[in-house]
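# Observations on the three-dimensional arrangement
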Amino acid sequence: MRTLPLLALVAAAAALSLGVGVRPLSPGNVWQALTAFDATDADHVTLLALRLPRLAAGLVAGAALGIAGTMMQALTRNPLADPGLLGVNAGAACAIVAGGLMLGLRDEGAMAALAFPGAALASVAVFALGGGLRGDAGPVRLTLAGAALNALLLSVVSAILLIRQETLDVFRFWVAGSLTQAAERPLAGMALVVAAAGGLALAVAPAVEALSLGAALARGLGVRPGRVQAAALAVVALATGAAVTVAGPIAFLGLMVPPLARRLAGHALRAELLVSAAMGAAILLLADTAGRVLIAPAEVRAGVMTALIGGPVFILIARRIRPGAMA
Amino acid sequence: MPRSSSRASLCRRSFLASAAASVLAAPALRAHQGGLRFTHAYGETVLPAPARRVVSLGYTGQDMLLALGLAPIAVRYWYGDHPFGVWPWAQPYLGDARPVLITGEVSLERVADLAPDLILAAGSGISRAEYEVLSRIAPVLMHDPRHSPYGTPWDVETRIVGRAIGRENLAEERIAGVHAAFAAARARHPDWAGRTAVAAYQDGGQTGAFAGEDTRARFLAALGFRPPEALGRLPLISGFYAQLSPEDLSPIDADLLIWISSLARAPDIAGLAMRRTLRAFAQGRELFVDELIAGALSFGSVLSLPFALKALEADIATALDGRPWTPVAPSVAAGIAP
């Protein structure tokens, strides 16, 4: 594992995220903002109230999606598995929009709490539909089940929009994620959730690897498949729920990151998880920064940017899967 | 009776349309019949006689019809929780009418079932294809060809509706009344002329400003204000609003900054850190506009504009009194005052 270049990548992405935007900031501005913050100075506000929360949100959501994507791909042995494509993001977003509206919630914390049951239900549903419980979650079946679930859940979100026109602003955020509202999101709480999910992921990683040898062989090695699957799905639901809470649904990140991480980390799931977390954070930050300057002064949402990059990656991976292969 | 007679005319119309010769034969026939001619964005429409059963598909059409004393048989739901989609400024004109509320996408079958003799679709955003199908049900009026789909000025639109329902004199009377109200306000506040003003919004993490053909921008222009120059340099979306970078809100730093919002969303504005860097904030020249008055400005109709003017005139004067310490009541109530 090449740790140094990886850390350098994350540091560079973080520096760009703080330094690049519509408003040019000099290192002097940055120093002043940190030492003598003035709420009426636009440069200071840009740095501390806008870019710093975006940086934090990008780190949290990016790492979470890297972990969730890697765990999903390891559990299902499907290189197309991604919390965005398989409807887990949509499950969290749908729970937030539907629950938030029906219960009349405006509190961000209470809305965020809905993300987790939404993500958990969606991940169990897609895993069960895709045949994962019987241990035959083949790439095609699982991807189809995920695409169907994703479409269904996003239609529910759209239907809510059509009935309640005033929800348009809520809808925009929950359909394509962005880091613009980072300052209003429970960043510290979600960072803890992602840390817990990451810890759980590292703990079950050997058992998930054993499971990939087949349920019978895994049992022989002392692994209880049901428990391992439940723990792995909990990792996916926790990490995805936290990512959606912080940044809305970000598609394709959990798809792109694991294959890249595998190249760096080799086929050792624990190392792959760590590399994925770092790379997920770096790519999301770069996507957000690029979206900030691409059509300035307007912004392209980070969720749209990752979809733009991730679409071709999806096609590339899908073309490499051979029929009947478990990848 | 009106129902069956319009059914008959529906058959005649669909025959004409399906004859596919409508391009050639229909104008000749219409010219022969005379009637009321309207040129609009999707072509020309001829009404055989002033309309009585009007389905209003534009999001604000109900206001114009009600102002001219004709209740629509159906109203298009835009937003808000008001009976029949008729907001408070227009309720007194509704009487005991019970218009059908059309929500979401327009169901063509539903419209046909109402057997209208006019479909008022200016400001509805329907496509040319939908227009063509609707035209088989009844004559359809679209927006003025010189403007964007939602950009026809209220007086132009009111005049068109007045002609279509045979109440042109009443329409002129109403329009003159509103123009007089704005002229009187300008006369009371000569200091407003030439100062900058902007109507802004904060939705879903995005800050934006209304400009160009927007009703809220026109309201401010009608009071003598002009838009800030920096706003004019931003690209307009759909001809009526501009989006701002969260890092640079200076295009809305006008002499008067109006927030088009609702009390439920006031915390989003209060929490907008970059707003505190604006001079309009520091000098108390911001005015928060809650849901009802924001609705009146957004409808921008012959009925809603005088309603909004009456509600806002004193607060605008307070915001612009040159004394930053005088509290602007709605901004204080919403918790966004400095």
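Rules behind the numbers
Residues numbered from 1 in each chain as written. Chains lettered and ligands numbered in written order. Predicted model: local features only at pLDDT ≥ 70, side-chain atom pairs only at ≥ 80, totals over all residues. Heavy atoms only, no water. Helix = DSSP H or I, 4+ residues; strand = E, 2+ residues; numbered from the N terminus. Rg over C-alpha atoms; globule rule 2.2 N^0.38 Å. Buried < 20%, exposed > 50% of the residue type's maximum accessible area, 1.4 Å probe, protein only. Contact = heavy atoms within 4.5 Å. Areas by Shrake-Rupley, 256 points an atom, 1.4 Å probe, with all protein chains shown as cover. Lys, Arg positive; Asp, Glu negative; His and termini not counted. Charge placed at Lys NZ, Arg CZ, Asp CG, Glu CD. Pairing = 2+ DSSP bridges. Axes fitted to C-alpha atoms, helices over the stretch in contact; angles between N-to-C directions. Parallel < 35°, antiparallel > 145°, perpendicular 65-115°, else oblique. Left-handed = near helix turned anticlockwise from the far one by under 90°. Salt bridge = Lys/Arg side-chain N within 4 Å of Asp/Glu carboxyl O. Buried area = accessible area lost by both parts, 1.4 Å probe. Polar contact = N/O pair within 3.5 Å; in protein donor to acceptor, adjacent residues only side chain to side chain. Nonpolar A, V, L, I, M, F, W, Y, C, P; charged D, E, K, R; others polar. Phe/Tyr/Trp six-rings, centres within 6.5 Å; stacked < 30°, edge-to-face > 60°. Lys NZ or Arg CZ within 6 Å of the ring centre and 35° of its normal. Core = buried A, V, L, I, M, F, W, Y, C linked by side-chain atoms within 4.5 Å.

## Some words on the overall build of chain A
Counting its regular elements, chain A contains 13 helices and zero strands. For chain A, the succession of helices and strands along the chain, N to C, is α-α-α-α-α-α-α-α-α-α-α-α-α. In summary, chain A has a C-alpha radius of gyration of 20 Å against a globular reference of 20 Å for 327 residues, a match within 12%. Overall, chain A is about 65 × 50 × 35 Å in size when its C-alpha atoms are taken along their principal axes. Taking all 327 residues of chain A together, 54% fall into the buried category. Taking the contacts inside chain A whose residues are at least 6 apart along the sequence as the reference set, 74% of them involve residues at least 24 apart. Counting every atom, chain A has about 13,400 Å² of accessible surface; 71% of that belongs to carbon and sulfur. Treating the 22 positive side-chain charges of chain A as one cloud and the 14 negative ones as another, the clouds have centres 14 Å apart.

## Structural notes on the overall build of chain B
Within chain B one finds 14 helices and twelve strands. Taken across its 338 residues, chain B has 51% of its residues classed as buried. Looking at chain B alone, contacts between residues at least 24 apart form 68% of all its contacts between residues at least 6 apart. For chain B, the exposed surface amounts to about 14,200 Å²; the carbon and sulfur share of it is 57%.

## Remarks on the sheet that holds strand β11 (residues 256-260) of chain B
Residues and elements named next belong to chain B. Judged by pairing direction, the sheet is mixed, and its five strands sit side by side in the order β10-β9-β8-β11-β12 without closing on themselves. With one partner strand each, in any of the chains shown, β10 (241-243) and β12 (286-289) form the two edges of the open sheet. On average, each strand axis in the sheet is tilted by 30° relative to the strand beside it, whichever way the strands run. In this sheet, β11 lies alongside strand β8 (residues 197-203) in parallel orientation, the contact comprising four bridges. Within the sheet, the bridge partner assigned to Ala199 lies in β11 and is Ile258. Strands β11 and β12 of the sheet are contacted by helix α12 (residues 291-299), whose axis makes an angle of about 95° with β12. The sheet contacts of helix α13 (residues 304-319) involve β11 and β12, and relative to β12 the element is tilted by about 155°.

## Side note on the packing of helix α1 (residues 3-19) of chain A against helix α3 (residues 42-76) of chain A
Residue and element names in this part refer to chain A. Running from amino to carboxyl end, α1 crosses α3 at an angle of 150°, the nearest separation of the two axes being 9 Å. Accordingly, the angle class assigned to the pair α1 and α3 is roughly antiparallel. Considering the relative orientation of α1 and α3, their crossing is right-handed. Here α1 contributes Val10, Ala14, Ser17, Leu18 and Gly19 to the contact with α3, which in turn contributes Leu47, Arg51, Leu52, Leu55 and Leu59.

## Some remarks on the environment of B:Ala74
Residues and elements named next belong to chain B. Relative to the assigned elements, Ala74 resides in strand β4 (residues 74-76). For the pair Ala74 and Leu101, spaced 27 residues apart in the sequence, the C-alpha separation amounts to 5.8 Å. Residues in contact with Ala74, not counting those within four places in the same chain, are Val54, Val55, Ser56, Pro99, Val100, Ile102 and Leu114.

## Brief notes about the pattern of salt bridges
One pass over the structure, following the stated rule, counts 20 salt bridges over all chains. A salt bridge links B:Asp255 to B:Arg195, with the nearest nitrogen and oxygen atoms 4.0 Å apart. Note that B:Asp255 is positioned in the loop between β10 and β11 and B:Arg195 in the loop between α7 (168-188) and β8, a separation of 60 residues in sequence. Taken together, the shared-partner salt bridges connect A:Arg51, A:Arg54, A:Asp288, A:Arg292, A:Glu299 and B:Glu247 into one network.

## Looking at the interface of chain A and chain B
Listed as interface residues are 26 residues of chain A and, on the opposing side, 20 residues of chain B. Roughly 2,000 Å² is buried in total at the junction of chain A and chain B, and carbon and sulfur atoms are behind 53% of that figure. On the surface where chain A and chain B come into contact, there are three salt bridges. One salt bridge in this structure joins B:Glu247 and A:Arg292, with 4.0 Å as the shortest N-O distance. For the pair chain A and chain B, the number of links is five residue pairs in polar contact (both at pLDDT 80 or more). Per-element accounting of the side of chain A that touches chain B gives the leading share, seven residues, to α3(A). Among the residues making up the side of chain A that touches chain B, the classes are represented as nine nonpolar, six polar and eleven charged.

## Some words on the packing of aromatic side chains
Residues and elements named next belong to chain B. Considering all chains together, one arrives at 16 aromatic pairs over all chains under this definition. Connected via pairs of aromatic rings, a cluster forms that spans Tyr59, Trp78, Tyr79, Trp87, Trp89, Tyr150, Phe299 and Phe307. In this structure, Arg163 packs its charged tip against the face of Phe38, placed 4.3 Å from the ring centre. Residue placement shows Arg216 over the ring face of Phe210; its charged tip is 3.7 Å from the ring centre.

## A word on the nonpolar core
Of all hydrophobic cores here, the largest spans 94 residues; its most connected members are A:Met71, A:Val208, A:Val246 and A:Leu253. With residues up to four places along the chain from it excluded, the contact list for A:Met71 reads A:Ala201, A:Val204, A:Val208, A:Ala232, A:Val235, A:Val236 and A:Leu273. Listed in part, the 59 residues of the second largest apolar core include B:Leu65, B:Trp89, B:Tyr201 and B:Val302.

## Describing the environment of B:Tyr150
With respect to the secondary-structure elements, B:Tyr150 resides in the loop between β7 (140-141) and α6 (154-164). With near-sequence residues (within four places) excluded, B:Tyr150 lies in contact with B:Tyr59, B:Gly123, B:Ser124 and B:Gly125.

## Observations concerning the side chain of B:His143
Structurally, the position occupied by B:His143 is in the loop between β7 and α6. Using a relative accessible area of 8% as the deciding quantity, one classes B:His143 as buried.

## A word on the pairing of strand β2 (residues 43-47) of chain B
Residue and element names in this part refer to chain B. In this sheet, β2 lies alongside strand β1 (residues 36-40) in antiparallel orientation, the contact comprising five bridges. Paired with Arg37 across the bridge in β2 is Val46. Hairpin remark: β1 followed by β2, antiparallel, with two residues in the connecting loop.

## A word on the packing of α7(B) against α13(B)
Residue and element names in this part refer to chain B. Packing of α7 against α13 brings their axes to within 10 Å, and their N-to-C directions diverge by 20°. One way to sum up the angle between α7 and α13 is to call them roughly parallel. Of the two elements, α7 crosses α13, and the hand of that crossing is left-handed. Along the contact surface, α7 presents Val178, Ala181, Phe182, Ala185 and Arg188, while α13 presents Leu305, Pro306, Leu309 and Glu313.

## What about the sheet that holds β7(B)?
Residues and elements named next belong to chain B. Read from one edge to the other, the open sheet built from five strands follows the order β5-β4-β3-β6-β7, with strand pairing classed as parallel. Only two strands of the sheet have a single partner each, and these edge strands are β5 (100-102) and β7. As defined by bridge partners, strand β3 (residues 54-56) adjoins strand β6 (residues 118-120) across three bridges and the pair is classed as parallel. Bridged to Val55 within β6 is Ile119.

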